[in-house]
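Spelled out, the chains give:
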Amino acid sequence: MSKTILITGVAGLLGSRLADWIIENQPNTTVIGIDDLSGGYVENVNDSVKFVNLNLASPTAPEQLNALFQEHQPNIVYHFAAYAAEALSPFIRNYNYTNNVVATANIINNCIKYSVDRLVFTSSMAVYGNGTPPFSEDSIRNPIDPYGIAKMACEMDIEVAGEQHGLDWCIIRPHNVYGAKQNIWDSYRNVLGIWMYKHLTDQPLTIFGDGEQVRSFSYIDDSLLPLWRAGTEAAASKQIINLGGITESSIKEAAFILIDVMGGGEVKYLPPRHEVKYAYPTWEKSVDILGFEHKMDLHEGLTQMWEWARSQPMRPRQVWDTYELEKGIYEFWKKETLVSEAKNVELK
């Protein structure tokens, strides 16, 4: 039986790679992809995807989404679109809530209206905030920044939509996902990609604070089949599931693993920023329900991503022209600092 799958954020890492996987592994499946290309690239989108350039939070989005759902009648919706610059979110609150909460509300409305079989929403480890890891899916949501608050609000709205309107859903909390097709040109998010860009442009790898922050990095290929199952397995219905790697690494350890992979590089330590020190989850539920297998260790995963990164064009660095709030902005994110870095890159 044929299925129609709608993926938002289809030009980003999760969206583009899941679209590739579905097209390669699920015959008789049509993939509709939405992205506004603010953080992803159209070159990432599989040619077999029916691509729609759409900002999900724009004033016209409700009308456009209604027409799109009416035309294509998607069976499963994977809502990956988000602006996930967590540490930047206190300085772009309006943008953060608009592009995460309002955009998600527009998707939820149409999932309810057109009776989709299931909505799969990618949330974030940011909903856990500070606490005692490993964080389980039952841990109290206690975010410490606007991005985590936005993701928590989206989760709660989806849960309410399930209770009130019968919407079936699965909430995935991925963590520190990396791999080919990730945006390595963004100045504010995707630390492994940021480091690769810096090395490609003869800059040191920057670490905030002492580098003892602990994360669990997740190679994208290990999560593709589990993501598909999040939308199709009966056991995943109305479940919240952590998804990703099961091995923890400090930020400093990850930097030196990457330096070994790249065959060079140096580390520059910057002042600490407002962030969770220790953030890594439990993983048993993803194994039991989604069949997750941690196959790729960090060294091999970074080796494959680095080979991809070296083949990419030298795109312009993505830098915010102005922030909504300048007070308290970190020195390393001030416009003059980033502009100076960009000029130095152009001169090299």
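Just above, that's the structure.
Residues numbered from 1 in each chain as written. Predicted model: local features only at pLDDT ≥ 70, side-chain atom pairs only at ≥ 80, totals over all residues. Heavy atoms only, no water.

Draft legend 1. Quick look at the packing of aromatic side chains. Under the counting rule described, the total for this entry stands at 18 aromatic pairs. With a centroid separation of 5.3 Å and 70 degrees between ring planes, the pair formed by Tyr188 and Trp333 is classed as edge-to-face. Here Tyr188 is found in the loop between strand 7 (177-178) and helix 5 (191-200), whereas its partner Trp333 is found in the loop between helix 9 (298-310) and helix 10 (335-347), with 145 residues between them in sequence. Of the two residues, Tyr188 and Trp333, both sit in the buried class. Among the aromatic residues, those joined into a cluster by ring pairs are Phe91, Tyr188, Phe208, Tyr323, Tyr330, Phe332 and Trp333. A cation sits over an aromatic face here: Arg315 above Trp185, 4.6 Å from the ring centre. (Phe/Tyr/Trp six-rings, centres within 6.5 Å; stacked < 30°, edge-to-face > 60°. Helix = DSSP H or I, 4+ residues; strand = E, 2+ residues; numbered from the N terminus. Buried < 20%, exposed > 50% of the residue type's maximum accessible area, 1.4 Å probe, protein only. Lys NZ or Arg CZ within 6 Å of the ring centre and 35° of its normal.)

Draft legend 2. Region of interest: the pairing of strand 8 (residues 205-208). Judged by which residues are buried, strand 8 turns out to be covered on both faces: Leu205 and Ile207 on one side and Thr206 and Phe208 on the other are all buried. Relative to strand 13 (residues 267-270), strand 8 is paired through 4 bridges, and the arrangement is parallel. The residue of strand 13 that forms the bridge with Leu205 is Val267. (Pairing = 2+ DSSP bridges.)

Draft legend 3. Local environment of the pattern of salt bridges. Applying the stated criterion to the full structure yields 14 salt bridges. Two residues, Glu307 and Arg310, come together in a salt bridge whose shortest N-O distance is 3.3 Å. Here the residue Glu307 and the residue Arg310 both occupy positions in helix 9, the gap between them amounting to 3 residues, near one helical turn. The class for Glu307 is partly exposed, based on a relative accessible area of 46%. Of the charged contacts, one joins Lys334 and Glu331 as a salt bridge, the two residues approaching to 3.1 Å between their closest N and O atoms. (Salt bridge = Lys/Arg side-chain N within 4 Å of Asp/Glu carboxyl O.)

Draft legend 4. Quick look at the environment of Pro134. Mapped onto the secondary structure, Pro134 falls in the loop between strand 5 (118-122) and helix 4 (146-165). Each C-alpha atom of the pair Pro134 and Pro27 lies 38 Å from the other, and the pair is 107 residues apart in sequence.

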